[in-house]
Amino acid sequence: MRDFKLKIETKKLQSGRFQVNFSTGCEGGYYGYLLAEPQTAVSDIISKINRHISAFDNSERYFQRNLFSLGNREANRGRILIFKR
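Calculation notes
Residues numbered from 1 in each chain as written. Predicted model: local features only at pLDDT ≥ 70, side-chain atom pairs only at ≥ 80, totals over all residues. Heavy atoms only, no water. Pairing = 2+ DSSP bridges. Helix = DSSP H or I, 4+ residues; strand = E, 2+ residues; numbered from the N terminus. Axes fitted to C-alpha atoms, helices over the stretch in contact; angles between N-to-C directions. Phe/Tyr/Trp six-rings, centres within 6.5 Å; stacked < 30°, edge-to-face > 60°. Buried < 20%, exposed > 50% of the residue type's maximum accessible area, 1.4 Å probe, protein only. Contact = heavy atoms within 4.5 Å. Salt bridge = Lys/Arg side-chain N within 4 Å of Asp/Glu carboxyl O.

Caption draft 1: Structural context of the sheet that holds strand β4 (residues 80-84). Spatial ordering of the open sheet is given by β1-β2-β3-β4, a layout of four strands whose pairing is antiparallel. Every interior strand has two partners, whereas the edge strands, β1 (6-12) and β4, have only one. Here the average twist between neighbouring strands, direction ignored, is 15 degrees. Two strands pair when backbone bridges link them, and strand β3 (residues 30-36) and β4 are joined in this way by five bridges, in the antiparallel orientation. Following the sheet pairing, Tyr 31 is matched in β4 by Phe 83.

Here is the structure:
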């Protein structure tokens with residue numbers, strides 16, 4: 001797992017959900033967006049972001065997860081976008 005400093009900002013949407021903008025503090029790091037429900041704990045949001053960023057270490061599996069999933073997946077389960085700087 002990588003060590004990085006996580007910066008988080010939130011914006012409440014008209015739907016009541018929250019758009020979470022995040023970025024890692026290191027140069028060449030990651031940034032992205034996450035859609036969260038109002039009752040979602042901050043620790044759950046941080047855990048989800050950490051899990052997805054750490055999954056980049058196995059990028060082939062991360063980016064092609066449909067090839068490795070034999071069961072049905074929830075289409076909107078992810079609700080996260082991550083970009084590399």
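Caption draft 2: Representation of the packing of aromatic side chains within the structure. What the rule picks out here adds up to two aromatic pairs. Both rings, one in Tyr 33 and one in Phe 83, keep their centres 6.5 Å apart while their planes meet at 70 degrees; by these two values the pair is edge-to-face. With Tyr 33 in strand β3 and Phe 83 in strand β4, this pair connects stretches of sequence that are 50 residues apart. The class of Tyr 33 is partly exposed, set by a relative accessible area of 35%. Since its relative accessible area comes to 36%, Phe 83 is described here as partly exposed. Taken together through their ring pairs, the aromatic side chains of Tyr 31, Tyr 33 and Phe 83 make up a single cluster.

Caption draft 3: Seen up close, the side chain of Ser 23. When you line up the elements, Ser 23 lands in strand β2 (residues 18-24). Discounting chain neighbours no more than four positions away, the residues touching Ser 23 are Lys 5, Leu 6, Lys 7, Tyr 30, Tyr 31 and Arg 85.

Caption draft 4: Representation of the pattern of salt bridges in the model. Taken as a whole and assessed by the stated rule, the structure comprises two salt bridges. A salt bridge links Glu 9 to Lys 7, with the nearest nitrogen and oxygen atoms 3.7 Å apart. For Glu 37, the salt bridge goes to Arg 17, with nearest N and O atoms at 2.8 Å. Of the two residues, Glu 37 sits in the loop between β3 and α1 (42-55) while Arg 17 sits in the loop between β1 and β2, which places them 20 residues apart along the sequence. Among the residues examined, Glu 37 registers a relative accessible area of 26% and is labelled partly exposed.

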